[in-house]
Amino acid sequence: MARWCYRHRLVVLLVWVGALFGVGFSASSAGTDYANVFSLPDTDSKSAYDLMQKAFPNTSGDTDTVVWKADRGSVRDAAVRDRVQPALDAIAKVRGVGAVAGPYDGPGGAAQISRDGTIAYAQLTFVQRANEIPKDVVQQVLDTAQGAERGGLEIELGGQAIQRVQEPPQGLSEMVGIVAAAVVLFLAFGSFFAMTLPIAIAVFGVGMGLFSTQLLSHTTNIPDIAPLLASLIGLGVGIDYALFIVTRHRRGILRGMDPEEAAVTALNTSGRAVLFAGGTVCIALAGMLVTRLRFLDGVVIGTSLTVVLSVLAAVTLLPALLGFLGPRVLSRRQRRRLAAEGPAPERASGLAARWSANVEKRPRRIAALAVVVMAVLAVPVLSLRLGATDQGNDDAATTTRKAYDLLAEGFGPGFNGPLQVVSAGGDTATLVEDIRATSGVARAAALPPARGVTVIQVVPTTSPQSKETDDLIDTLRDRVIPKAGADAHVGGVTAVSKDFAAVTGDRLPLFVATIIGLGFLLLLVAFRSLVVPLTAAVMNLIAAAASFGVLVAVFQWGWGLDLLGLGKEGPINAFLPVIMLSLLFGLSMDYQVFLVSRMHEEWVHTRDNARAVRVGLAETSRVINSAALIMVCVFLAFVLSGDSGAAMAGVGLAAAVALDAFILRTALVPAAMHLFGTSNWWLPGWLERRLPHLAVEPQEEPAAAAPQAPAGPSGPATAVHGFVRTADGDPVEDASVTLMSTGGRQLDRVTALADGSYIVSVPAPGAYLLAVTSPSYGSKARHLTVTEGPLVYDVELTGDEVDAVT
């Protein structure tokens, strides 16, 4: 498939461009129909909602609020009234506004004026839901209301429709994330053309995913946060997956391969790993379905579809784009060096090799330090409180936050989140009196009954997000309503949020067990080891705890919120743990597979665990860290999205990826694998025989294979001898020299003498592997072909590189 896409690159590109524009045109014509459906079967708030729908079926339009405050005098004064009432009348005539109920409309409006007379509000009812109202209509309402302001009279607006128009322009966070990723890619590749490839793949994958999700919103319930989360994860994985493939492609060209063969090899190796990684992300996302929370079903659809399309773009569109670029995927300096010096294998950088050797020398110290850091970061998670954010968490400069604060000042903190006690029978009058007498209730009033259903509006004395309000809901449900003998249920946005958090918390252990179990099975089959998947499972839990600790410290404790411009602290969104754990599991699996697959390849060749871990870390850490840095930039850019849920997810995922890549995969995992030794690769024989075989990456053939002599013994015994020296010519007396068969079986092992000399016995002429290791200078491994007589082979250890066994 890769070869076909490479050779028919124009056709592939035109198909993708046509598909993107076609789906985009269809989505733009159809518009959006996102719906936040918090359906919680078998909960009290769901029962209240069903009764409300029965009694008041035509209450689908969004209700927003205009709030004003007079600094001097009263809002009843003629000077204030003469400015506000004409504005309310003008708003009532705006297309899309169904009704305006103000405080100056008869005796009933008196309840909309605060006791001290300085604050009043009017309710606007639109004819559509918030996400369906055209932004120009909402902007006209906002401008009309705030146009009546003057010195001493403040007018603010709150509500879902108003919040939509004060959000930053759509695509701002995505653009910032792409620009940041482009900078990292340019520094990693040193080539403008190579930099554009991962960006292009991400744009196509995310664009197709978002347009498709928009079309699907007309056929199923997809929440409005789904597109933001889909673009967040789509940009991250799209850029990372293309980065892995382009890195392998560039390595092939540097080894002297033809660009087409390099592309085919890259897709047949890293491309397979991308398919595996994308599959694990989708499996992790689908794990959200076990929670049976309908709100998350749409999130699964949007994010999984975007990941699938990003993977599809990486394995079809990317080889076509590589065909257009040819050798220009390398930097000019690399092309000049290739032309002048010929092919050369890519080597691990000095910093990566030194760090890898350092981990090998001090595994206990590095593992202990990494565990302490993660444990300290995880401490705040002990105070995690799930809930829902509202406009009280908006930035203090926004009109929605100001309106929220004015209503709390004039009518009490509980006014912004009233409870609705919905009664379908029993003594309603007694119930109202008992509710009024309950501690924590500011006021309660029954609305006129409709179709046998009575709604009692209950205003708590505390804010919607406070623990006291949650306790009040429990008191009403467990004591007050049963005592009154009424058939009633507690509903409203605050009660729904509480129930959602409770249900999520109850089902979280099952969800965690599901995704951890799936990850264990996948890694067990891929690496045929019990310790590697167990280590990965523990690391996932550590990363989750530490990232949630960061999330609690920032959003619940308020550390750094002002610096990030993210408003006021509050509880963590109830749906966030499920979404974050899904994405963290999928992304950490990518890094684990990328890291351990290289270690496993080295282990199969050499059966030397220390070398396998050292070489695997040295050769993959740079790519893993580059990929993680790109994801961190993309995720943090969603702080600019204007959506508190997306900002919270962005910060949490950025912390999770950074901790996972820079501490766990770069330090704790290799240190632990050094400590475990050969136990890393242990698997009981009975399980080995029953497990299916799955190769994440097929073995990559070297660009130019050395002439091979017969591998088996077919002649007299001989020897390999020589000197092990440094780059300056000094002897390396502590070097260990091992001769192995090409299958990895050890044949002889010696230690170099004081002058650096060594000699190993060879059973017969043939092809062998010579591995030289020194604690001070790293290691090298080379394929040798031994003929009839002894072979002289000198080894130079530079101390700043680790060579791969190809």
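From a predicted model like this one, the values you see are computed outputs, not experimental measurements.

A word on the overall build of the chain
Inference 1: Helix and strand content of the chain: 24 helices and 18 strands.
Inference 2: With respect to the three principal axes, the spread of C-alpha positions in the chain is 110 × 55 × 45 Å.
Inference 3: Split into buried and exposed, the 806 residues of the chain put 55% on the buried side.
Inference 4: Long-range contacts, defined as pairs at least 24 residues apart, comprise 77% of the intrachain contacts of the chain with a sequence gap of at least 6.
Inference 5: Counting every atom, the chain has about 33200 Å² of accessible surface; 59% of that belongs to carbon and sulfur.
Inference 6: Across the chain, the centroid of the 63 positively charged side chains sits 4 Å from that of the 70 negatively charged ones.

Focus: the packing of helix α9 (residues 226-254) against helix α10 (residues 259-286)
Inference 1: Close contact between α9 and α10 brings their axes to 8 Å; oriented N to C, the two are set at 155°. In terms of axis orientation, α9 runs roughly antiparallel to α10. α10 is crossed by α9, and the crossing has right-handed handedness. From α9, Tyr 241, Phe 244, Ile 245, Arg 248, His 249, Gly 252 and Ile 253 reach across to α10, where they touch Pro 259, Ala 262, Ala 263, Ala 266, Leu 267, Thr 269, Ser 270, Gly 271, Val 274, Ala 277, Gly 278 and Val 281.

Comments concerning the packing of α9 against helix α23 (residues 644-676)
Inference 1: Packing of α9 against α23 leaves a shortest axis separation of 10 Å and a crossing angle of 25°. By the angle class used here, α9 and α23 are roughly parallel. Viewed along their axes, α9 and α23 form a crossing whose handedness is right-handed. The residues of α23 that touch α9, namely those facing Leu 228, Leu 229 and Leu 232, are Ala 646, Ala 649, Gly 650 and Leu 653.
Inference 2: Within the contact of α9 with α23, the residues separate by chemical class into six nonpolar, one polar and no charged.

Some words on the environment of Gln 123
Inference 1: Its location among the elements puts Gln 123 in strand β3 (residues 119-126).
Inference 2: Considering only alpha carbons, one finds Gln 123 and Arg 248, 125 residues apart in sequence, at a separation of 60 Å.
Inference 3: In this view, Gln 123 contacts Thr 63, Asp 64, Ala 99, Val 100, Ala 101 and Gln 112; residues no more than four positions away in its chain are not counted.

Some points on the packing of aromatic side chains
Inference 1: Taken as a whole and judged by the stated rule, the model has eight aromatic pairs.
Inference 2: When the ring of Tyr 121 is compared with that of Phe 411, the centres are 5.2 Å apart and the planes differ by 85°; the resulting orientation is edge-to-face. In this pair, Tyr 121 is assigned in strand β3 and Phe 411 in helix α15 (residues 399-411), connecting sequence segments 290 residues apart.
Inference 3: Taking the relative accessible area as the measure of exposure, Tyr 121 reaches 9% and is therefore buried.
Inference 4: Of the aromatic side chains, those joined through ring pairs into one cluster are Tyr 121, Phe 411 and Phe 415.
Inference 5: Stacked on the ring of Tyr 6, the Lys or Arg Arg 9 has its end atom at 5.4 Å from the ring centre.
Inference 6: The positively charged end of Arg 725 is found above the aromatic ring belonging to Phe 723, 4.5 Å away from the centroid.

A word on empty space enclosed by the protein
Unoccupied space between atoms shows up once a probe the size of one water molecule is rolled over them.
Inference 1: Throughout the structure, instances matching the rule amount to four cavities of 30 Å³ or more.
Inference 2: What the largest cavity holds in volume is close to 70 Å³.
Inference 3: Forming the boundary of the largest cavity are Tyr 241, Phe 244, Ala 273, Val 274, Ala 277, Asp 590, Val 593 and Phe 594.
Inference 4: Among the residues forming the lining of the largest cavity, the class breakdown is seven nonpolar, no polar and one charged.
Inference 5: Here the second largest cavity defines a volume of roughly 40 Å³.
Inference 6: As for the second largest cavity, its lining consists of Ile 516, Gly 519, Phe 520, Leu 523, Pro 533, Ala 536, Ala 537, Asn 540, Phe 585 and Met 589.

Examining the nonpolar core
Inference 1: With 158 residues, the main nonpolar core has Tyr 241, Met 288, Phe 555, Tyr 591 and Phe 635 as its most contacted residues.
Inference 2: If one sorts the elements of this core by residue count, α23 sits on top with 20 residues.
Inference 3: The contacts of Tyr 241, once residues within four sequence positions are left out, are Val 274, Ala 277, Gly 278, Val 281, Val 311, Ala 314 and Asp 590.
Inference 4: Membership of the second largest hydrophobic core comes to 31 residues, among which are Ala 120, Ala 148, Ala 161 and Val 165.

Overview of the pattern of salt bridges
Inference 1: Scanning the entire structure with this criterion turns up 16 salt bridges.
Inference 2: Residue Arg 95 pairs with Asp 136 through a salt bridge whose shortest N-O separation is 3.9 Å. Here Arg 95, found in the loop between α4 (78-92) and β2 (97-101), pairs with Asp 136, found in helix α5 (residues 135-146); they are 41 residues apart in sequence, far enough to count as distant.
Inference 3: Overall, Arg 95 belongs to the exposed group, its relative accessible area being 56%.

Re helix α3 (residues 44-55)
Inference 1: For α3, built from twelve residues, the straight-helix expectation of 16 Å at 1.5 Å per residue is met to within 8% by its first-to-last C-alpha distance of 17 Å.
Inference 2: Listed in full, the buried residues belonging to α3 are Ser 45, Ala 48, Leu 51, Met 52 and Ala 55. Buried residues of α3, seen end-on, are gathered within an arc of 120° and therefore sit on one face of the element.
Inference 3: Of the surrounding elements, those touching the buried residues of α3 are β6 (419-423), β8 (454-460), α17 (467-484), β9 (488-491) and α18 (493-527).

Re the sheet that holds β8
Inference 1: Sheet architecture is open: four strands sit in the order β7-β8-β6-β9, paired in antiparallel fashion. Each edge of the open sheet carries a strand with a single partner, namely β7 (441-446) and β9. Averaged over all adjacent pairs, the angle separating strand axes in this sheet is 20°, with direction ignored.
Inference 2: The pairing of β7 with β8 spans five bridges and is classified as antiparallel. Residue pairing across strands places Ala 446 opposite Ile 456, the latter belonging to β8.
Inference 3: The sheet contacts of α3 involve β6, β8 and β9, and relative to β9 the element is tilted by about 100°.

Some details on the pairing of strand β1 (residues 63-70)
Inference 1: Of all eight residues making up β1, seven are buried, and the element is well covered by its neighbours.
Inference 2: Here β1 runs beside β3; their pairing, made up of seven bridges, is antiparallel. Directly across from Thr 65, in β3, lies its bridge partner Gln 123.
Inference 3: Sheet topology note: the β1/strand β4 (residues 153-158) ladder contains six bridges and is antiparallel. Across the sheet, Trp 68 pairs through a bridge with Ile 155, a residue of β4.

Digging into the sheet that holds strand β16 (residues 778-786)
Inference 1: What the four strands build is an open sheet, ordered β13-β12-β15-β16; its pairing is antiparallel. The sheet terminates laterally at β13 (746-751) and β16, the two strands that pair on one side only. Averaged over all adjacent pairs, the angle separating strand axes in this sheet is 20°, with direction ignored.
Inference 2: As defined by bridge partners, strand β15 (residues 766-774) adjoins β16 across nine bridges and the pair is classed as antiparallel. Residue pairing in the sheet places Ser 774 in a bridge with Gly 778 of β16.

Structural notes on the environment of Met 1
Inference 1: Looking at the secondary structure, you find Met 1 in the segment before α1 (2-7).
Inference 2: The exposed category is assigned to Met 1, whose relative accessible area is 65%.
Inference 3: Along the primary structure Met 1 and Pro 319 are separated by 318 residues, whereas in three dimensions their C-alpha atoms are 9.3 Å apart.
Inference 4: Setting aside residues no more than four positions away along its own chain, Met 1 makes contact with Val 315 and Thr 316.

Rules of the game
- Counting from 1, residues in each chain are numbered in the order their sequence is written.
- Since the coordinates come from a predicted model, pLDDT governs what is reported: local features require at least 70, and pairs of side-chain atoms require 80 or more to be given and counted, while whole-chain, interface and lining totals use all residues.
- Excluding hydrogens and water, the side-chain values take into account all heavy atoms of the structure.
- Each helix is a run of H or I in the DSSP string that is no shorter than four residues. Each strand is a run of E no shorter than two, and both are numbered from the N terminus.
- Each residue gets one of three labels from its accessible area relative to the maximum for its type: buried under 20%, exposed over 50%, partly exposed in between, using a 1.4 Å probe on protein chains only.
- Contact definition: two residues touch when any of their heavy atoms are within 4.5 Å.
- What sets the accessible areas is the Shrake-Rupley method with a 1.4 Å probe; for residues, cover comes only from the shown protein chains.
- Positive residues here are Lys and Arg, negative ones are Asp and Glu, while His and the chain termini are left out of the count.
- All charge positions are set by atom: Lys at NZ, Arg at CZ, Asp at CG, Glu at CD.
- Fitting a line to C-alpha atoms yields each axis, with helices limited to the stretch in contact; the angle taken between N-to-C directions then spans 0 to 180 degrees.
- Note that the term roughly parallel is reserved for angles under 35 degrees, roughly antiparallel for angles over 145, roughly perpendicular for angles of 65 to 115, and oblique for everything else.
- By convention the crossing between two helices is left-handed if the near helix lies anticlockwise of the far one by an angle smaller than a right angle, and right-handed if it lies clockwise.
- Amino acids outside the nonpolar list (Ala, Val, Leu, Ile, Met, Phe, Trp, Tyr, Cys, Pro) and the charged list (Asp, Glu, Lys, Arg) are all regarded as polar, and Gly is one of them.
- Pairing of aromatic rings covers Phe, Tyr and Trp, the last through its six-membered ring, and needs centres within 6.5 Å; plane angles under 30 degrees mean stacked, over 60 mean edge-to-face, and all others mean tilted.
- Consider the ring centre and the ring normal. A charge sits over the ring if Lys NZ or Arg CZ is within 6 Å of that centre and within 35 degrees of that normal.
- Using a 1 Å grid laid over the protein atoms alone, points where a 1.4 Å probe fits but cannot get out form a cavity; open sets with protein on both sides within 12 Å along at least 5 of 7 lines form a pocket; any residue with an atom within 4 Å of a point counts as lining.
- Grid points are joined across faces, edges and corners, and a volume is the space filled by probe spheres set on the points.
- Joining through side-chain atoms within 4.5 Å is the link that ties buried Ala, Val, Leu, Ile, Met, Phe, Trp, Tyr and Cys residues into a set, and such a set is a nonpolar core.
- For this document, the term salt bridge refers to a Lys or Arg side-chain nitrogen within 4 Å of an Asp or Glu carboxyl oxygen.
- A helix is expected to reach a length of 1.5 Å times the quantity of its residues less one.
- Taking the helix axis as origin, the arc is that swept by the directions to the C-beta atoms.
- Pairing between strands is defined by DSSP: at least two bridges between the two strands are required.

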